[in-house]
2 protein chains.
Amino acid sequence: MTESPQPTSHCAIRQYANGQFSALEDTVIAEARVELVVNDNELRMAMLCLPRQLPELAVGFLRGEGALRSRDELDSVDIDPSGPAILVRGRFDPDALDAIRRRWTWGTGCGGGGTSAQLNPEAYQPVALGLTVGAEAVIGLARSFQGTMDLWKNTGGVHACSLASASELIVVAEDVGRHNALDKVVGRAVLDELDTSDKIMLTTGRLSAEMVSKAVAARVPIVVGRGAVTALAIGLARKFGLTLVGFARAGRFNVYTGFQRISG
Amino acid sequence: MTESPQPTSHCAIRQYANGQFSALEDTVIAEARVELVVNDNELRMAMLCLPRQLPELAVGFLRGEGALRSRDELDSVDIDPSGPAILVRGRFDPDALDAIRRRWTWGTGCGGGGTSAQLNPEAYQPVALGLTVGAEAVIGLARSFQGTMDLWKNTGGVHACSLASASELIVVAEDVGRHNALDKVVGRAVLDELDTSDKIMLTTGRLSAEMVSKAVAARVPIVVGRGAVTALAIGLARKFGLTLVGFARAGRFNVYTGFQRISG
């Protein structure tokens, strides 16, 4: 059971604060797609995670799903760094493994963007060029967005997402999960036949690879989050030409990719 | 497309602040298990979500997964409040529907606790009685937990989870997703053959039904979160006799269920 790659990496960002941009280096969290392999081929699945404590992740997951009933039934856990993959061997409950394979419930935080990116390549095209938004417009949208979060204010228990033009919020949705809130906003855009290629998406959640993947599928060129951005999200945003903005709060924000779309 | 049930509900809690308990009423976010039914039987799956804007959720999800290619291919979206269920009709990409059915990637935030609860009933037993912890011990653990979050401090991008005795943190894990962090902690407990029935679990994330479901499967009697608690999580905690503590930060916390385990 070896330890895995660095949990953080550095990247060059543009930070907007006190009315001006500055170039600096930021530390971002690593996020990796790791394969879980149970007894060679009894189960193979991928997960998006922080690539540390991988044996623990695999064992805890299998325990939680009922596949691993006790420590005795676990023979070995090895890490293949080339995958990366977690290779687990043991005697697992076949019904529970089958249930994992056939899982038909997705949770509040699950989006499966990684899957979609592979299964529906035609849905994943570089986003449209052309849209430019002023930095103060981003600040204004983030402030309006904050103002609409009524459920959040009452309970602290929800995430919100919005689709906006450069001047106003057009659609807003809240949910227990940030991916659900995003799906609701995209769903409303589809129902209203809104053009998303000149819109800005705002979210209260962290910008993980799944969130960026969903934004790419929805063809939104600028995504603005209140929270942190993962390294994998940055890689995806670069690949599809998306502008990724993190830590948008209290009159400031960081631009991680697609700097050209945010003007000073 | 009718609107759905109340997004919040009220519950009686015990709040600990300034060294003493008081009884008060709190507003908590609703969370519901909603079924998505595509063309009667082409796809049936369940999701955990805030039961509002359900047509948007279904349409945005199907769009994001590549199943719905354009507005024209959508015939109708209806809500069956008795389920509750979202009934969607249209011409969807059969390959994309199949991919959703066979989804084999789970994301950073996905746990599937709802599924497990149904599929592995033997894993879901009421948690052990007996453990009692003083309120100041909870405050102390929350403070130690906060202190261990080194990655969080650097990047703001991770969730953490810990398994603790009444006096100290025993296992700590961090991840991009709160469910993954929980799985890592449980995995370490399994590998070390730790008895979890007298332990306290701490998490930085919100306590949704999935998190409580995973804690029940791990047989942990007390779960302490820094964030909010959903109504469905409270229901699950009551059912399995778990003590649920939310908003544990800055020397205070709210107890939602299992009051008897936290002494003054």
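### Considerations on the overall build of chain A
No. 1: Check the secondary structure of chain A and you find eight helices and 15 strands.
No. 2: Counting only contacts in chain A whose residues sit at least 6 apart along the sequence, the fraction spanning at least 24 positions is 53%.

### Describing the domain arrangement of chain A
No. 1: Looking at chain A, the domain boundaries give domain 1 (10-29 + 122-263) and domain 2 (32-105).
No. 2: Domain 1 of chain A and domain 2 of chain A are separated by 33 Å when their C-alpha centres are compared.

### Some points on the sheet that holds strand E11 (residues 200-203) of chain B
All names here are of chain B.
No. 1: One open sheet accounts for eight strands, arranged E2-E1-E14-E13-E12-E11-E9-E10; its pairing is mixed. Of all the strands in the sheet, just strand E2 (20-29) and strand E10 (169-175) have a single pairing partner and so form its edges. This sheet shows a mean twist of 25 degrees between the axes of neighbouring strands, independent of strand direction.
No. 2: Two strands pair when backbone bridges link them, and strand E9 (residues 159-164) and E10 are joined in this way by six bridges, in the antiparallel orientation. Opposite Leu163, over in E10, you have Val171 as the bridge partner.
No. 3: In this fold helix H4 (residues 135-148) packs onto strand E1 (8-17), E9, E10, E11, strand E12 (222-225), strand E13 (243-249) and strand E14 (252-257), with an angle of close to 45 degrees to the strand it touches most, E10.

### A word on the sheet that holds strand E13 (residues 243-249) of chain A
Residue and element names in this part refer to chain A.
No. 1: Taking strand neighbours across the sheet as the criterion, the eight strands line up as E2-E1-E14-E13-E12-E11-E9-E10 in an open arrangement whose pairing is mixed. Both edges of this open sheet fall to strand E2 (20-29) and strand E10 (169-175), since each of them pairs with a single strand only. For this sheet, the mean inter-axis angle between neighbouring strands, taken without regard to orientation, is 25 degrees.
No. 2: Here E13 pairs with strand E14 (residues 252-257) via four bridges, running antiparallel. Among the inter-strand pairings, Gly246 is bridged to a residue of E14, identified as Asn254.

### Details of the packing of helix H6 (residues 178-191) of chain B against helix H7 (residues 209-217) of chain B
Residue and element names in this part refer to chain B.
No. 1: Two elements in contact, H6 and H7, have axes separated by 10 Å at closest approach and are oriented at 5 degrees. The orientation of H6 relative to H7 falls into the category roughly parallel. Across from Arg178, His179 and Leu182 in H6, the residues of H7 making contact are Glu210, Met211 and Lys214.
No. 2: Broken down by class, the residue content of the contact of H6 with H7 amounts to two nonpolar, one polar and three charged.

Procedures and definitions
Residues numbered from 1 in each chain as written. Chains lettered and ligands numbered in written order. Predicted model: local features only at pLDDT ≥ 70, side-chain atom pairs only at ≥ 80, totals over all residues. Helix = DSSP H or I, 4+ residues; strand = E, 2+ residues; numbered from the N terminus. Contact = placed C-beta atoms within 7 Å. Domains from an automatic or database assignment. Pairing = 2+ DSSP bridges. Axes fitted to C-alpha atoms, helices over the stretch in contact; angles between N-to-C directions. Parallel < 35°, antiparallel > 145°, perpendicular 65-115°, else oblique. Nonpolar A, V, L, I, M, F, W, Y, C, P; charged D, E, K, R; others polar.

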